[in-house]
Amino acid sequence: MYTQHVVGLEVSKLNCPNCDTDSTGVVDSRPTNGGEAVRRRRECADCGTRFTTYERTEWEGVQVRKRHGEIEPFDREKLLGGVLRAVEKRPVSEDEARGIADEVGAEVRANGGEVVETSEIGEKISERLREMDEVAYLRFVSVYKEFSDPDEFAQELDRIKED
Ligand SMILES: [Zn+2]
């Protein structure tokens, strides 16, 4: 049978363009010149049709590099979720929270096609939250900075009090 494993995951089957069955497999897989895409030759097990697919990075949106180096597409909904959790039961309306997510999303997208660090996005959001509500701000930074140590959290609290 045709199976192909990439980092432990089986490459998804695609329907045959000729007979529409899903019993197709990858018979050859190689990078294109420059390594910007992967070209796969696929073959249908039912009718024998061979076809080619290309796998490319989705660069339409901004890519975000996470703390441990993993890169994924920027996700506005995820960003909004983080802001909403931070402002829960605080005097910041959902509209204001959406406003923050929209503003930061627009700033991030203005760098189109680049890789943005999550820490950079986190800074942008926390700056805005800090002006609105310090509890929401602290909640937010405690998540995005992943405080593992209560002392770090206390230091951040002191920084706020000093200002
Ligand atoms: Zn077929």
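Scroll up for the structure.
Basis of the calculations
- Residues numbered from 1 in each chain as written.
- Predicted model: local features only at pLDDT ≥ 70, side-chain atom pairs only at ≥ 80, totals over all residues.
- Heavy atoms only, no water.
- Donors = N, O, S within 2.8 Å, 3.2 Å for Na, K, Ca; no water.
- Tetrahedral: all angles 85-135°; square planar, octahedral: opposite > 155°, others 65-115°.
- Helix = DSSP H or I, 4+ residues; strand = E, 2+ residues; numbered from the N terminus.
- Buried < 20%, exposed > 50% of the residue type's maximum accessible area, 1.4 Å probe, protein only.
- Salt bridge = Lys/Arg side-chain N within 4 Å of Asp/Glu carboxyl O.
- Pairing = 2+ DSSP bridges.
- Axes fitted to C-alpha atoms, helices over the stretch in contact; angles between N-to-C directions.
- Contact = heavy atoms within 4.5 Å.

A. View of the coordination of the zinc ion. Around the zinc ion, the protein contributes the donor atoms C16 (SG), C19 (SG), C44 (SG) and C47 (SG), at 2.2 to 2.4 Å from the metal centre. Here the zinc ion binds four donor atoms, and the angle range of 105 to 117° at the metal identifies the geometry as tetrahedral. Positions of the donor residues of the zinc ion, expressed as sequence spacing, correspond to C-x2-C-x24-C-x2-C. Note that C16 is positioned in the loop between strand 2 (9–10) and strand 3 (24–31) and C44 in strand 4 (residues 37–44), a separation of 28 residues in sequence.

B. Structural detail: the environment of R98. Among the secondary structure elements, R98 is positioned in helix 2 (residues 94–109). Note on R98: relative accessible area 32%, which makes it partly exposed. Sequence separation of R98 and G81 is 17 residues, and the distance between their C-alpha atoms is 9.4 Å.

C. How the structure looks around the pattern of salt bridges. One pass over the structure, following the stated rule, counts 13 salt bridges. We note a salt bridge from E72 to K66, for which the minimum N-O separation is 3.4 Å. Residue classification places K66 among the partly exposed positions, given a relative accessible area of 27%. Three or more residues are tied together by salt bridges with common partners; here these are E103, E107, K124 and R128.

D. Examining helix 4 (residues 134–144) more closely. Those residues of helix 4 not exposed but buried are A136, Y137, L138, F140, V141 and Y144. Looking one or two places after helix 4, you find E146, whose phi comes out positive at around 50°.

E. Here's a closer look at the pairing of strand 5 (residues 50–56). Where strand 4 and strand 5 come together, seven bridges link them in antiparallel fashion. Bridging across to strand 5, R42 finds its partner in F51.

F. Local environment of the sheet that holds strand 7 (residues 71–73). One open sheet accounts for three strands, arranged 7-6-8; its pairing is mixed. Edge positions in the sheet fall to strand 7 and strand 8 (115–117), since each has one partner strand and no second. This sheet shows a mean twist of 35° between the axes of neighbouring strands, independent of strand direction. In this sheet, strand 7 lies alongside strand 6 (residues 63–65) in antiparallel orientation, the contact comprising three bridges. For Q63, the partnering residue across the bridge sits in strand 7 and is P73. Against the sheet, helix 3 (residues 118–132) contacts strand 6 and strand 8, and its axis sits at roughly 60° relative to strand 8.

Geometry only, nothing functional implied.
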